[in-house]
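# Coordinates in review
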Amino acid sequence: MSTIGTFTIRPLDPLRDAELLHRWVTHPKAAFWMMQDARLQDVEREYMRIAAHEHHHAYLGLHDGEPAFLMEKYDPRYVELVGLYEPEPGDVGMHFLVAPTDRPVHGFTRAVITAVMTELFADPATRRVVVEPDVGNKAVHALNEAVGFVPEREIDKPEKRALLSFCTREQFEAARGVSV
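Residues numbered from 1 in each chain as written. Predicted model: local features only at pLDDT ≥ 70, side-chain atom pairs only at ≥ 80, totals over all residues. Heavy atoms only, no water.

## Things to note about the sheet that holds strand E2 (residues 56-63)
- Across the sheet, seven strands lie side by side as E1-E2-E3-E4-E5-E7-E6; this open sheet has mixed pairing. The open sheet has two free edges, formed respectively by strand E1 (7-11) and strand E6 (150-156), since each of these has just one partner strand. Averaged over all neighbouring strand pairs, the angle between strand axes comes to 30 degrees, with direction disregarded.
- One ladder, built from six bridges, connects E6 with strand E7 (residues 161-168); its direction is antiparallel. Looking across to E7, one finds that Val150 is bridged to Phe166.
- Strands in contact with helix H1 (residues 18-25) are E2, strand E3 (66-74) and strand E4 (91-98); relative to E3, the strand with the most contacts, it is inclined by about 85 degrees. (Pairing = 2+ DSSP bridges. Helix = DSSP H or I, 4+ residues; strand = E, 2+ residues; numbered from the N terminus. Axes fitted to C-alpha atoms, helices over the stretch in contact; angles between N-to-C directions. Contact = heavy atoms within 4.5 Å.)

## Describing the pattern of salt bridges
- Under the criterion given, the structure shown has 15 salt bridges.
- Between Asp17 and Arg10 there is a salt bridge whose closest N-O contact spans 2.9 Å.
- The class of Asp17 is buried, set by a relative accessible area of 4%.
- Of the charged contacts in the structure, one is a salt bridge between Lys160 and Glu132, with a shortest N-O distance of 3.3 Å. Linking Lys160 in the loop between E6 and E7 with Glu132 in the loop between strand E5 (128-131) and helix H4 (138-146), this pair joins segments that are 28 residues apart in sequence. Accessibility assignment for this pair places Lys160 and Glu132 in one class, buried.
- Where salt bridges share partners, they join Glu80, Glu132, Lys157, Glu159 and Lys160 into one cluster. (Salt bridge = Lys/Arg side-chain N within 4 Å of Asp/Glu carboxyl O. Buried < 20%, exposed > 50% of the residue type's maximum accessible area, 1.4 Å probe, protein only.)

## Regarding the environment of Met34
- Note that Met34 resides in the loop between H1 and helix H2 (40-52).
- Given a relative accessible area of 43%, Met34 falls into the partly exposed group.
- Note: C-alpha distance between Met34 and Glu159 (125 residues apart in sequence) is 8.7 Å.
- The residues touching Met34, leaving out its near neighbours within four places in the chain, are Glu159 and Lys160.

Structure (structure tokens):
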């Protein structure tokens, strides 16, 4: 993956980054992000809400220093999945969105999700990553599987029917070919 470049992740600045995020989340490729009709103020408001939330955090991912993806990390005991599954100690929820581009790079999105998972597992307290993508988002299901996620079951969230999936540190390392 090193041929793709260097990834870094920084905390999202809801006001400074709102215009960029607005372009990303309203792009047709971001349909599953469910913000297609959002105004700039809506995006600012949503990311200010996340910034103020104790159990939900947003980050901007950079590729060779340029903004390239959005990552959200949340505690599923308090956000997104409350009452929809039985959380275990060390569970961390995740969302990611790759910026739309006119110049796609083969393997880029897989490199992004690998960088996101590496960042999440850099915290020794993280034992398992939880995701809940839309059941219709086949592309992200394939990406999730490629980095070690195992689907558990479909669940009904207020905004969508989702595929609840989990990836342990060991499953991620096995998918990357790293010996445990």
